[in-house]
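# Reading the structure
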Amino acid sequence: MKLKNFTRKTIRVVSPIGGHVALFASGETRDIPVHLEDAAIRAGLVPLEDLKTELERMADLETAEREQAMAEVEAEHKASLEQALALEDAAKKAKASEAAKKAAATRAANKEKETK
C-alpha cells in the first residue's frame, strides 16, 4: 500500500510483531509491507488510495451541482405542465357548465312556448 507523510516531521513506524521500523520523512511517499500498514496509519501516515485529487473532487462537485440544477429544471417543468393541465380542465368545465346552462335555458324557453 502506498502511504504519504503529510506532516512536517519524520514519522517512525514500528511493527508490533517483529519490530520492523520504517521512517517517513516529511512529504515522502512509498510502499510498505502489509504487516506495517495498520501501524503506519495509526502513526499518522495517509493511504494514497483513499485520497482523491483536487481535480477529482472539483469534478464531483460540478457533477452534483449539474444534477441538482437539472432536477430543479425538471421539477419546474413538471409543475408548469400540471398547472397548464389544471387550467385546461377548468376551462373545459366552465365551457361545459356554460353550455349546460344555455341548454337548460333553451329547454325552459321551449317548454314555455309549448305550454302557451
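Residues numbered from 1 in each chain as written. Predicted model: local features only at pLDDT ≥ 70, side-chain atom pairs only at ≥ 80, totals over all residues. Heavy atoms only, no water.

The residue Glu37 is located in helix H1 (residues 37-43) in this model. Buried charge without a salt bridge: Glu37, with Arg42 as the nearest opposite-charge side chain at an N-O distance of 10 Å. In contact with Glu37, other than residues within four places in its own chain, are Met1 and Ile32. (Helix = DSSP H or I, 4+ residues; strand = E, 2+ residues; numbered from the N terminus. Buried < 20%, exposed > 50% of the residue type's maximum accessible area, 1.4 Å probe, protein only. Lys, Arg positive; Asp, Glu negative; His and termini not counted. Salt bridge = Lys/Arg side-chain N within 4 Å of Asp/Glu carboxyl O. Contact = heavy atoms within 4.5 Å.)

Summed over all chains, the structure comprises zero aromatic pairs. Here Arg30 stacks its cationic end above the ring of Phe24, 4.4 Å away from the centre of that ring. (Phe/Tyr/Trp six-rings, centres within 6.5 Å; stacked < 30°, edge-to-face > 60°. Lys NZ or Arg CZ within 6 Å of the ring centre and 35° of its normal.)

Let us look at the sheet that holds strand E5 (residues 46-47). Spatially, three strands are ordered E4-E1-E5 in an open sheet, and the strand pairing comes out antiparallel. With one partner strand each, in any of the chains shown, strand E4 (29-31) and E5 form the two edges of the open sheet. With three bridges joining them, strand E1 (residues 2-4) and E4 adopt antiparallel strand pairing. When the sheet's bridge partners are listed, Lys2 is paired in E4 with Asp31. (Pairing = 2+ DSSP bridges.)

To continue, consider the nonpolar core. Counting 10 residues, the largest nonpolar core consists of Leu3, Ile11, Val13, Ala22, Phe24, Ile32, Leu36, Ala39, Ala40 and Leu45. Elements represented by at least two residues in this core include exactly strand E2 (11-14), strand E3 (21-24) and H1. Ala39 has contacts with Val13, Val14 and Pro16, leaving out every residue within four places of it along the chain. (Core = buried A, V, L, I, M, F, W, Y, C linked by side-chain atoms within 4.5 Å.)

The next point concerns the pattern of salt bridges. Inspection of the entire model under this criterion finds two salt bridges. Arg30 is paired through a salt bridge with Glu28; the nearest N and O atoms lie 2.9 Å apart. Residue classification places Arg30 among the partly exposed residues on the basis of a relative accessible area of 27%. Given a relative accessible area of 26%, Glu28 falls into the partly exposed group. A salt bridge links Lys102 to Glu98; the nearest nitrogen and oxygen atoms lie 3.9 Å apart. With a gap of four residues between them, Lys102 and Glu98 both fall in helix H2 (residues 54-115), about one helical turn apart.

Here we take up the environment of Phe6. Tracing the backbone shows Phe6 in the loop between E1 and E2. Once the C-alpha coordinates of Phe6 and Ala25 are considered, the two residues, 19 residues apart in sequence, prove to be 9.2 Å apart.

So yeah, pure geometry; function would need other evidence.
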